[in-house]
Amino acid sequence: MKTQVAIIGGGPSGLLLGQLLHKQGIDNIIVERVNGDYVLGRIRAGILEQGLVGLLHEAGVAERMMQEGHVHDGVELSINDERFRIDLKKYADGSSVMCYGQTEITRDLMAAREAAGLATLYEAENTELHDVKTDSPYVTFIKDGEPHRLECQFIAGCDGFHGVSRKTIPDDSRKEFERVYPFGWLGLLSDTPPCNEELIYAKTDRGFALASQRSSTRSRYYLQVPLTDKLEEWSDDAFWAELKKRLPADVAEGLVTGPSIEKSIAPLRSFVCEPMQYGNLFLVGDAAHIVPPTGAKGLNLAASDVATLYKVLTRVFKEGDRSAIAQYSPICLRRVWNGERFSWWMTNMMHNFDEGVAKDGTDRDTQQRFMDSELHYYLTSEAGQRVIAEQYVGLPYEELA
Ligand code: RFL
Ligand code: PHB
């Protein structure tokens, strides 16, 4: 098999890149480890920045999002029972965010890919990347028990945090930055109406909670839980009871509960791999970086990587300008680090940290008071609200030089 760009991973990064390249007349094949239903079964992001919304339009897959997605002009943060609304539109120059699930984006992209007759090779095992430093890299994998070889000019590693692409770069040619948080998020999806029109990020003495949504009839909620908690220990009833204690009282009163359709625990991590390009291999999305979900940035950073890479590859294939390749990593990393810092800061401010004494000697309660005060300051100052709003809606994409 032969193609211009081999894409490893058929999640949102791989699918979006494939569609945008196809629109530019650049041939690509996706190699995915699991099957399509499994990819759609992962319940993840729900908040899209304008940059991603624009890319979905560019890729020709925005129709259903425009019909079924909800534009949110504001977001709420609460401290125990005190609610604060951040007016995104007002403080971020008329910008807002789109509430539309990652599952739905993935479904729309899969449908467009099928309609265009583009190849996605599902259930590919033992994927390996070869000769990525040369002009003729190739990918090998096993499918239906048979070995396959895919020859290409470039490889896009869109295979998530646990994929093989990043590990293909030799240890001495990459540097990894990481922070693992001492808690996780327990998420629950249910066919119940959302408890509030806009999202509520709630900081409480019992820990963090998030009230999000997928539609007017489907809600998504999260609770901060210790890493030692097991999913089996959290019945639906236990989840709802704890959520009620963490949401502001007036919101909790109107909370509609129901059976869960999905429930899972996700660990929280900040992670960046530098550089994001090695020879003719590009790392995209979660393969290169992870953020804790508190800032709603993971999928949005994946999208800005895709925006940059498809422009780089368009330059290379249409204008023969290989110098664009070197721009990929620095352009992506500038935006990635901003998203990393924002997500880390939001996570620090909104969660309870049970760690004892910090490295600098500050005890836990004192640290907690500093964080409470910082959050209160940002939420009651116009400048503070602008700082949060501008970053929550997302910074503009950087163009190639
Ligand atoms: P994915 O989605 O992990 O897809 C990678 C794909 O690669 C496949 N794969 C392989 N294929 C071939 N060979 C191999 N060896 C392979 N190894 C893996 C996998 O099967 C998979 O299909 O990465 P991608 O495409 O980069 O997309 C990234 C996003 O999924 C992620 O950043 C977001 O979901 C993060 N995130 C959020 N982002 C936002 O922008 N806004 C949000 O509101 C938001 N909420 C969230 C989130 C992530 C969460 N979790 C569970 C981590 C909420 C949660 C709870
Ligand atoms: C979600 O709806 O899954 C979601 C929304 C906002 C976040 C994280 C997750 O910050």
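Structural data are supplied above this passage.
Residues numbered from 1 in each chain as written. Chains lettered and ligands numbered in written order. Predicted model: local features only at pLDDT ≥ 70, side-chain atom pairs only at ≥ 80, totals over all residues. Heavy atoms only, no water.

Attention now moves to the overall build of the chain. The secondary structure content of the chain amounts to 13 helices and 20 strands. Relative to its length of 401 residues, the chain is compact, with a C-alpha radius of gyration of 21 Å against a globular reference of 21 Å. With the C-alpha coordinates aligned to their principal axes, the bounding extent of the chain is approximately 60 × 45 × 40 Å. Looking at the chain residue by residue over its 401 residues, the buried ones come to 57%. In the chain, once contacts between residues fewer than 6 apart in sequence are set aside, the share between residues at least 24 apart is 72%. (Helix = DSSP H or I, 4+ residues; strand = E, 2+ residues; numbered from the N terminus. Rg over C-alpha atoms; globule rule 2.2 N^0.38 Å. Buried < 20%, exposed > 50% of the residue type's maximum accessible area, 1.4 Å probe, protein only. Contact = heavy atoms within 4.5 Å.)

Attention shifts here to helix H1 (residues 12-23). The first and last C-alpha atoms of H1 sit 17 Å apart over 12 residues, in line with the 16 Å expected at 1.5 Å per residue. Most of H1 sits inside the fold, with 10 of its 12 residues counted as buried. Turning to H1, its buried residues are Pro 12, Ser 13, Gly 14, Leu 15, Leu 16, Leu 17, Gly 18, Gln 19, Leu 20 and Leu 21. Each element contacted by the buried residues of H1 is listed here: strand E1 (5-8), strand E2 (28-31), helix H3 (50-58), helix H6 (102-115), strand E12 (154-157) and helix H10 (298-319). Once H1 ends, the next one or two residues include Gly 25, with phi positive near 80 degrees. (Expected span 1.5 Å × (residues − 1).)

Let's shift gears to the sheet that holds strand E16 (residues 219-226). Spatially, eight strands are ordered E6-E5-E14-E15-E16-E13-E17-E20 in an open sheet, and the strand pairing comes out mixed. Edge strands, defined here as strands with exactly one partner in the open sheet, are strand E6 (82-87) and strand E20 (289-290). (Pairing = 2+ DSSP bridges.)

A sheet is described by the order of its strands in space; here three strands give the open sequence E9-E10-E11, paired in antiparallel fashion. Two strands in the sheet have a free side with no partner beyond their single neighbour: strand E9 (125-130) and strand E11 (146-151). Here the strands of the sheet are splayed against their neighbours by 15 degrees on average, with no regard to which way each runs. Pairing between E9 and strand E10 (residues 138-143): four bridges, direction antiparallel. Bridged to Glu 125 within E10 is Ile 142. (Axes fitted to C-alpha atoms, helices over the stretch in contact; angles between N-to-C directions.)

With respect to spatial proximity, 14 residues lie near ligand 2, and among them Tyr 201, Ser 212, Arg 214, Tyr 222 and Pro 293 are the closest. Tyr 201 places a polar side-chain atom, nitrogen or oxygen, 2.7 Å from an oxygen atom of ligand 2. Taking Ser 212, its side chain carries an N or O atom lying 2.6 Å from an oxygen atom of ligand 2. Contact with the protein chains covers 96% of the free accessible surface of ligand 2, which is 280 Å². Looking at the shell around ligand 2, the elements that each hand over two or more residues are strand E15 (209-213) and E16. (Near = heavy atom within 4 Å. Polar contact = N/O pair within 3.5 Å; in protein donor to acceptor, adjacent residues only side chain to side chain. Areas by Shrake-Rupley, 256 points an atom, 1.4 Å probe, with all protein chains shown as cover.)

Near ligand 1, the surroundings consist of 32 residues, among which Ser 13, Glu 32, Gln 102, Asp 286 and Leu 299 are the closest. In this structure, an oxygen atom belonging to ligand 1 sits 2.6 Å away from a side-chain N or O atom of Glu 32. The protein chains hide 89% of the 1,000 Å² of surface that ligand 1 would expose on its own. Elements with a minimum of two residues in the shell around ligand 1: H1 and H10. A class-by-class count of the residues in the shell around ligand 1 yields 14 nonpolar, 11 polar and seven charged. (Nonpolar A, V, L, I, M, F, W, Y, C, P; charged D, E, K, R; others polar.)

Another point: a negative patch on the surface. Judged by side-chain charge, Glu 123, Glu 125, Asp 144 and Glu 146 come together as a negatively charged surface patch. Residue Glu 146 is classed as partly exposed on the basis of its relative accessible area of 48%. (Patch = residues over 30% accessible without salt bridge, like charges linked within 9 Å, V, L, I, M, F, W, Y side chains within 5 Å. Salt bridge = Lys/Arg side-chain N within 4 Å of Asp/Glu carboxyl O. Lys, Arg positive; Asp, Glu negative; His and termini not counted. Charge placed at Lys NZ, Arg CZ, Asp CG, Glu CD.)

Our next topic: the packing of H3 against H10. Between H3 and H10, the least distance of the axes is 9 Å, while the angle of their chain directions is 50 degrees. Taken together, the axes of H3 and H10 are oblique relative to one another. For the pair H3 and H10, the sense of crossing is left-handed. Contacts between H3 and H10 involve Leu 52, Leu 55 and Glu 58 on the former and, on the latter, Leu 299, Asn 300, Ala 303, Ala 307 and Tyr 310. Residues belonging to the contact of H3 with H10 are distributed by class as follows: six nonpolar, one polar and one charged. (Parallel < 35°, antiparallel > 145°, perpendicular 65-115°, else oblique. Left-handed = near helix turned anticlockwise from the far one by under 90°.)

Evaluation of the coordinates by the stated rule reveals 26 salt bridges. Residues Asp 236 and Lys 263 are paired through a salt bridge, measuring 2.6 Å at the closest nitrogen-oxygen approach. Taken together, the positions of Asp 236 in helix H8 (residues 236-246) and Lys 263 in strand E17 (residues 260-274) put the pair 27 residues apart, joining distant regions of the chain. Close ionic contact of Asp 365 with Arg 364 constitutes a salt bridge, the shortest N to O distance being 3.4 Å. Overall, Asp 365 belongs to the partly exposed group, its relative accessible area being 47%. Each of Arg 64, Glu 68, Glu 104, Arg 107 and Asp 108 takes part in one network of salt bridges that share partners.

The next point concerns the nonpolar core. Core analysis: the largest hydrophobic core is formed by 73 residues, its most contacted members being Leu 16, Leu 17, Leu 48, Leu 56 and Ile 155. Here this core gets nine residues from one element, more than from any other, and that element is H10. With sequence-adjacent residues up to four places away left out, Leu 48 is seen in contact with Val 53, Leu 56, Met 65, Val 97, Met 98, Tyr 100, Ile 105, Leu 299 and Asn 300. Residues Leu 88, Ala 92, Leu 268 and Met 371 belong to the second largest nonpolar core, which totals 35 residues. (Core = buried A, V, L, I, M, F, W, Y, C linked by side-chain atoms within 4.5 Å.)

By themselves these figures say nothing about function.
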